[in-house]
2 protein chains.
Amino acid sequence: MIEQIKPMDIEKRSFAIITELLGDRNLDPENELVIKRVIHTSADFDYADNLVFSPHAVQKGIEALRGGCDIVTDTQMAKAGINKTILGKLGGEVHCFMSDPDVAAEAKERGITRAIVSMERAAKLKKPCIFAIGNAPTALISLHEQMEKGLLHPALIIGVPVGFVNVVESKELIIDSSVPHIVARGRKGGSNVAAAVCNALLYQIMR
Amino acid sequence: MIEQIKPMDIEKRSFAIITELLGDRNLDPENELVIKRVIHTSADFDYADNLVFSPHAVQKGIEALRGGCDIVTDTQMAKAGINKTILGKLGGEVHCFMSDPDVAAEAKERGITRAIVSMERAAKLKKPCIFAIGNAPTALISLHEQMEKGLLHPALIIGVPVGFVNVVESKELIIDSSVPHIVARGRKGGSNVAAAVCNALLYQIMR
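A quick note: this is a predicted structure, and the numbers were derived from the prediction, not measured.

A. How the structure looks around the packing of helix H2 (residues 32-42) of chain A against helix H11 (residues 191-203) of chain A. Residue and element names in this part refer to chain A. At a minimum axis separation of 9 Å, H2 and H11 run at an interaxial angle of 140°. On the basis of their axis angle, the class for H2 and H11 is oblique. Pair H2 / H11 crosses with right-handed handedness. On the side of H2, the interface is formed by Leu-33, Val-34, Arg-37, Val-38 and Thr-41, while H11 contributes Asn-192, Val-193, Ala-196, Val-197, Asn-199, Ala-200, Leu-201 and Tyr-203.

B. Just the relation of the copies chain B and chain A, in detail. Placing chain B over chain A gives an RMSD of 0.0 Å and needs a rotation angle of 180°, together with 0.0 Å of translation along the axis. Expressed as a symmetry operation, the mapping of one chain copy onto the other fits a two-fold axis. Minimal C-alpha separation from the rotation axis in chain B is found for Met77(B), amounting to 2.4 Å. Most of the interface of chain B is mirrored in chain A: 100% of its interface residues are interface residues there too.

C. Just the nonpolar core, in detail. By size, the foremost hydrophobic cluster in this structure holds 96 residues, and its most contacted members are Leu65(A), Ile130(A), Leu65(B), Ile130(B) and Ile158(B). Residues in contact with Leu65(B), not counting those within four places in the same chain, are Ile71(B), Leu87(B), Leu90(B), Ile130(B), Leu201(B), Leu202(B) and Ile205(B). Core analysis: the second largest hydrophobic core is formed by 26 residues, Val117(B), Ala123(B), Phe131(B) and Ile174(B) among them.

D. Spotlight on the environment of Asp102(B). Residues and elements named next belong to chain B. Mapped onto the fold, Asp-102 is located in helix H7 (residues 101-110). On the accessibility criterion, Asp-102 (41% relative accessible area) is partly exposed. When the C-alpha positions of Asp-102 and Ala-122 are compared, they lie 14 Å apart, and in sequence the two are 20 residues distant. One polar contact links Asp-102 to Arg-121, side chain to side chain, over a distance of 2.6 Å.

E. Geometry of the sheet that holds strand E1 (residues 51-53) of chain B. All names here are of chain B. Judged by pairing direction, the sheet is mixed, and its six strands sit side by side in the order E1-E6-E5-E4-E2-E3 without closing on themselves. Strand pairing shows two members of the sheet lacking a second neighbour, E1 and strand E3 (94-95), which therefore form its edges. Where strand E4 (residues 129-133) meets strand E5 (residues 156-159), four bridges bridge the pair, whose relative direction is parallel. Bridging across to E5, Phe-131 finds its partner in Ile-157.

F. Molecular detail of the sheet that holds strand E5 (residues 156-159) of chain A. Residues and elements named next belong to chain A. Spatially, E1-E6-E5-E4-E2-E3 is the arrangement adopted by the six strands of the open sheet, whose pairing is mixed. A single partner strand is all that each edge strand has here, and the edge strands are strand E1 (51-53) and strand E3 (94-95). Of the pairings in the sheet, the one linking E1 to strand E6 (residues 181-184) comprises three bridges and is antiparallel in character. Paired with Val-52 across the bridge in E6 is Val-183. Contacting E1, E5 and E6, helix H10 (residues 167-175) crosses the sheet at an angle of about 155° to E6. The sheet contacts of H11 involve strand E2 (70-73), strand E4 (129-133), E5 and E6, and relative to E5 the element is tilted by about 140°.

G. Spotlight on the pairing of E5(B). Residues and elements named next belong to chain B. Where burial is concerned, the two faces of E5 agree: the one with Leu-156 and Ile-158 and the one with Ile-157 and Gly-159 are both buried. Crossover handedness for the path E4 to helix H9 (residues 137-148) to E5: right-handed. The pairing of E5 with strand E6 (residues 181-184) spans three bridges and is parallel. Paired with Ile-157 across the strands is His-181, a residue of E6.

About the thresholds
- Residues numbered from 1 in each chain as written.
- Chains lettered and ligands numbered in written order.
- Predicted model: local features only at pLDDT ≥ 70, side-chain atom pairs only at ≥ 80, totals over all residues.
- Heavy atoms only, no water.
- Axes fitted to C-alpha atoms, helices over the stretch in contact; angles between N-to-C directions.
- Helix = DSSP H or I, 4+ residues; strand = E, 2+ residues; numbered from the N terminus.
- Parallel < 35°, antiparallel > 145°, perpendicular 65-115°, else oblique.
- Left-handed = near helix turned anticlockwise from the far one by under 90°.
- Contact = heavy atoms within 4.5 Å.
- Least-squares fit on C-alpha atoms with pLDDT ≥ 70 in both.
- Core = buried A, V, L, I, M, F, W, Y, C linked by side-chain atoms within 4.5 Å.
- Buried < 20%, exposed > 50% of the residue type's maximum accessible area, 1.4 Å probe, protein only.
- Polar contact = N/O pair within 3.5 Å; in protein donor to acceptor, adjacent residues only side chain to side chain.
- Pairing = 2+ DSSP bridges.
- Right-handed = clockwise from strand over helix to strand, strands pointing away.

Have a look at this one:
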């Protein structure tokens with residue numbers, strides 16, 4: 001039966017149901033709102049187990065956003081899903097270079113993915129950035145390489161690509177590194193998850 | 001270990017892995033590419049069980065797209081994810097009314113969701129439409145009401161909202177109706193799933 005509920009109450013009720021379904025699971029209070037928002041966006045409780053947070057990753061992400069950092073993502077879908085109103089009020093913007101015609105041309109010429117070229121472009125941005133990767137493991141691998149070379153110092157990497165080829169491995173590279181990170185271990189993730197993590201951080205600053 | 005693979009081969013390899021992991025499951029050949037693309041976008045094999053297809057829904061969707069139909073969706077994320085190049089070549093476009101300022105104003109005034117107002121607008125489009133609903137159960141409920149009144153005759157409903165309040169129930173309304181549909185039974189779904197189903201239909205026409 002359809003429940004009568006006011007539009008503004010739907011999200012609150014959803015979170016209450018998620019909390020109920022999580023039962024007596026002990027979530028780290030610092031990470032709880034991120035985990036619950038990812039479950040809210042996927043209805044997939046696997047994320048209660050597979051989200052890996054480096055120490056104080058949430059707090060570091062929130063601090064970077066408060067400081068006006070930008071967000072770089074690897075899909076137009078994640079860009080569409082991130083709350084750009086709040087990000088803009090904080091002084092940040094979202095970049096996605098994936099659809100730029102010159103990125104496609106360069107990727108084709110070099111025989112590499114557009115995601116790698118996009119991350120190389122992103123590394124040249126002059127501002128502190130959070131990287132929210134929801135699709136391309138090659139983006140994570142490229143970020144890792146650039147960090148190893150000392151060319152890049154992300155404020156936070158949200159590493160949640162989804163899929164079957166190099167996805168698991170690329171995430172482990174980030175988990176094993178010293179960069180602040182929030183990673184969905186395993187195959188699961190996606191643009192929706194990347195956007196949900198960003199929004200969970202943004203909503204802790206303002207709504 | 002990171003596998004060396006050409007960008008153009010990644011998707012092919014992913015689908016081969018998905019096929020392998022599905023094992024000896026018998027998927028209906030007509031629905032197979034939709035199911036596999038949804039798994040490809042989510043890494044969630046639950047979709048092998050929970051996608052419900054009305055008779056020849058895939059074929060009907062493909063025919064509508066070939067005929068130049070439009071797609072209406074309830075999120076900017078799904079709009080971002082749908083392959084608009086192919087859709088455009090076929091003569092169609094994607095509509096999402098959710099962010100229109102007058103939709104927000106009308107929803108607030110009437111105390112209903114923006115999704116309902118968006119679907120009422122969509123019902124006034126003069127072209128045949130596929131509805132791809134990845135977020136709002138109220139969109140599905142509104143479509144159902146308008147169909148019951150004879151005001152709306154969708155070419156296909158892709159009913160894949162995600163969540164915890166009225167989501168399951170809204171999908172059952174569509175499954176029980178006579179409209180051609182592809183529905184993710186249960187709580188799971190999302191904008192990524194909605195876009196993946198659209199693209200699975202489009203890619204069967206051209207790539």
